[in-house]
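# Coordinate analysis (summary)
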Amino acid sequence: MGNDRFIELVSKKLTNDISPEESEEFQHYLNNDEVNRRDFESLSIYWNNSDTEFADNALAFKKIKAKIKNIEAPSAIIPASKNFTFYIWRAAAAIIFIAGCSYLLYSKFTKPVSQALVTTKNSWQNKTTIKREKSTIVLTDGTRITLNSQSSLRYPSTFTGKTREVYLSGEAFFDVHKDHKHPFIIHAEKMNIKVLGTSFNVKSYPNDPQSETTLIRGTIEVTLDDRPSDHIILKPSEKLIVKNKLFKPVLKNTTKLNPAETNMGMQYVLTTFTRLQPDDSTVVETSWVKNKLVFRDESFSGLASRMERWYGVDIKFKNDALKQYRFSGIFENERINQALDALRMTENFNYKIKNNTVYIY
């Protein structure tokens, strides 16, 4: 278990926090190393052999340490050979290492959870979608959440305390059950969103150049991670665009009602949501909930990222200049080749599909 990357992947696998790409990498480790396969089988047995759900990875670490104490005194019916003892201690050491690694990953990935929500009786659930997959989750308070592809939602099995808090990575549409006494808070990649009862869309993929919150009805309050003093209030039909300071995207057709264009921290722009046509009722930001991929004046690079999640493919550009092409349109039942052929009718490019990879040139 000396490979740090393999240990990291095992910890993600055991805590159901592994991405599709990491799953492929993890499978490669198993397929090419018999020792890795034996270690993972052993660790899986120890990890799953519990009658108590783990509220979080910190509690899991305590449980695993308790299991290791039991390993120290094996049953008399098991031969205590030298090789067996060495193997048990090897597995035990690996479990400690993985639990610690998992806890560190957990602490880095998530933000501090409200103390009112953390109880040993209240376990946390994780729902993750892969490419081409969407999922609907109904929380115990009646809140309905539609999770887009390649997204992850972390939520408690039941809400306790003064707030209702969840953690999102990716994109989701929220229809929050109204409860004035218990505000609903979404912790996303770059921002926190506080609501009482409303419907809105949150798009916050870790590697995207910007995050967005689009309000359909009600009112929400947004705070940014590195601008905690700013409280941005959205009204129906408004959209907040938060630009990652590592990127400098060009924002078109926006009304800068409340700009924060300083050199420190994140930059944001408040605008209205996008319609495919001015007299059309189709809202681009929430069309995915109705199984429609709608885009308006969108760069080819941005559209390609959405098409990857929509069609379950990888798209690679052989010519970076093609990324600057801009498209408007709507896809619903088209296959990937039909969608690309439609785009070629307005811009000049070629493509080749090999396995699950699309090459644009």
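These notes cover the structure that comes with them. (Residues numbered from 1 in each chain as written. Predicted model: local features only at pLDDT ≥ 70, side-chain atom pairs only at ≥ 80, totals over all residues. Heavy atoms only, no water.)

On a plain count of helices and strands, the protein comes out with 7 helices and 18 strands. Buried positions account for 47% of the 361 residues belonging to the protein. In the protein, the share of contacts with a sequence separation of at least 24, taken over all contacts with a separation of at least 6, comes to 52%. (Helix = DSSP H or I, 4+ residues; strand = E, 2+ residues; numbered from the N terminus. Buried < 20%, exposed > 50% of the residue type's maximum accessible area, 1.4 Å probe, protein only. Contact = heavy atoms within 4.5 Å.)

Here we have 3 strands laid out as an open sheet, ordered E15-E18-E17, and mixed in their pairing. On the outer flanks of this sheet lie strand E15 (314-317) and strand E17 (351-354), each paired with one strand and no other. Adjacent strand axes in the sheet meet at a mean angle of 20 degrees when their direction is disregarded. Here 4 bridges tie E17 to strand E18 (residues 357-360), and the two strands are oriented antiparallel to one another. In the strand pairing of E18, Lys 352 is matched with Tyr 359. Running at roughly 170 degrees to E17, helix H7 (residues 336-344) makes contact with E17 and E18 of the sheet. (Pairing = 2+ DSSP bridges. Axes fitted to C-alpha atoms, helices over the stretch in contact; angles between N-to-C directions.)

Using the criterion set out here, one finds 8 aromatic pairs in the structure. Among the aromatic side chains, those forming a connected cluster through ring pairs are Phe 159, Phe 174, Phe 184 and Phe 200. Between the NZ or CZ atom of Lys 134 and the centre of the ring of Trp 310, over which it lies, the distance is 4.8 Å. Positioned above the aromatic ring of Tyr 205, the side-chain terminus of Arg 309 is 3.6 Å from the ring centre. (Phe/Tyr/Trp six-rings, centres within 6.5 Å; stacked < 30°, edge-to-face > 60°. Lys NZ or Arg CZ within 6 Å of the ring centre and 35° of its normal.)

Looking at where Ser 199 falls in the secondary structure, it is placed in strand E8 (residues 199-204). Exposure remark for Ser 199: the relative accessible area of 3% places this residue in the buried category. Those residues in contact with Ser 199, other than ones at most four positions away along the chain, are Phe 173, Phe 174, Asp 175, Leu 215, Ile 216 and Arg 217.

The next subject is the pattern of salt bridges. The final tally for this structure, using the stated rule, is 9 salt bridges. Of the charged contacts, one joins Lys 239 and Glu 285 as a salt bridge, the two residues approaching to 2.7 Å between their closest N and O atoms. With Lys 239 in strand E12 (residues 238-243) and Glu 285 in the loop between strand E13 (267-272) and strand E14 (293-299), the pair connects residues that are 46 residues apart, well separated along the chain. Accessibility assignment for this pair places Lys 239 and Glu 285 in one class, buried. Taking the shortest distance from any N to any O, the salt bridge between Asp 297 and Arg 326 comes out at 3.1 Å. Placement of Asp 297 in strand E14 and of Arg 326 in strand E16 (residues 326-331) is noted, with a sequence separation of 29 residues between them. Here Arg 326 falls in the partly exposed class, since its relative accessible area comes to 33%. (Salt bridge = Lys/Arg side-chain N within 4 Å of Asp/Glu carboxyl O.)

Our next topic: the nonpolar core. In this structure, Val 166, Phe 174, Phe 184, Phe 200, Val 222 and Leu 240 are the most contacted members of the largest nonpolar core, which totals 30 residues. A per-element tally of this core places strand E5 (residues 164-175) first, with 4 residues. The contact partners of Val 222, leaving out residues within four places of it in the chain, are Met 191, Asn 192, Ile 193, Asp 230, His 231, Ile 232, Leu 234 and Leu 240. (Core = buried A, V, L, I, M, F, W, Y, C linked by side-chain atoms within 4.5 Å.)

With that settled, consider the pairing of E15. Taking every second residue as pointing to the same face, the buried face of E15 carries Ile 315 and Phe 317, while none of Asp 314 and Lys 316 on the other face is buried. Where E15 lies against E18, 4 bridges are found, and the strand directions are parallel. Following the sheet pairing, Phe 317 is matched in E18 by Ile 360.

Attention now goes to H7. Every buried residue of H7 is listed here: Ile 336, Ala 339, Leu 340 and Leu 343. Along the axis of H7, the buried residues cluster in a sector spanning 95 degrees; they form a single face. (Arc of directions from axis to C-beta.)

It is worth spelling out helix H2 (residues 20-31) at this point. In this model H2 runs 16 Å from its N-terminal to its C-terminal C-alpha over 12 residues, within 8% of the 16 Å that 1.5 Å per residue would give. Turning to H2, its buried residues number three or more, namely Glu 22, Phe 26, Tyr 29 and Leu 30. All buried residues of H2 fall inside an arc of 95 degrees around its axis, so they share one side. The exposed residues of H2 that point more than 90 degrees off its buried face are Glu 24 and Asn 31. (Expected span 1.5 Å × (residues − 1).)

A word on the side chain of Arg 164. Along the chain, Arg 164 falls in strand E5. In this structure the side chain of Arg 164 is engaged in a polar contact, spanning 2.7 Å, whose partner is the backbone oxygen of His 182. Those residues in contact with Arg 164 that lie beyond four places of it in its chain are Asp 141, Thr 143, Phe 159, Val 176, His 177, Asp 179, His 182, Pro 183, Phe 184, Ile 185 and Leu 196. (Polar contact = N/O pair within 3.5 Å; in protein donor to acceptor, adjacent residues only side chain to side chain.)

Glancing now at unusual backbone geometry. The backbone of Arg 132 shows a phi angle near 70 degrees, a positive value even though the residue is not glycine. Within the secondary structure layout, Arg 132 lies in the loop between strand E1 (124-128) and strand E2 (135-138). Taking relative accessible area as the criterion, Arg 132 reaches 62% and is therefore assigned exposed.

Turning next to a positive patch on the surface. On the surface, Lys 316, Lys 318, Lys 352 and Lys 354 cluster together into a positively charged patch. Lys 316 gets classed as partly exposed once you look at its relative accessible area, which sits at 46%. (Patch = residues over 30% accessible without salt bridge, like charges linked within 9 Å, V, L, I, M, F, W, Y side chains within 5 Å. Areas by Shrake-Rupley, 256 points an atom, 1.4 Å probe, with all protein chains shown as cover. Lys, Arg positive; Asp, Glu negative; His and termini not counted. Charge placed at Lys NZ, Arg CZ, Asp CG, Glu CD.)

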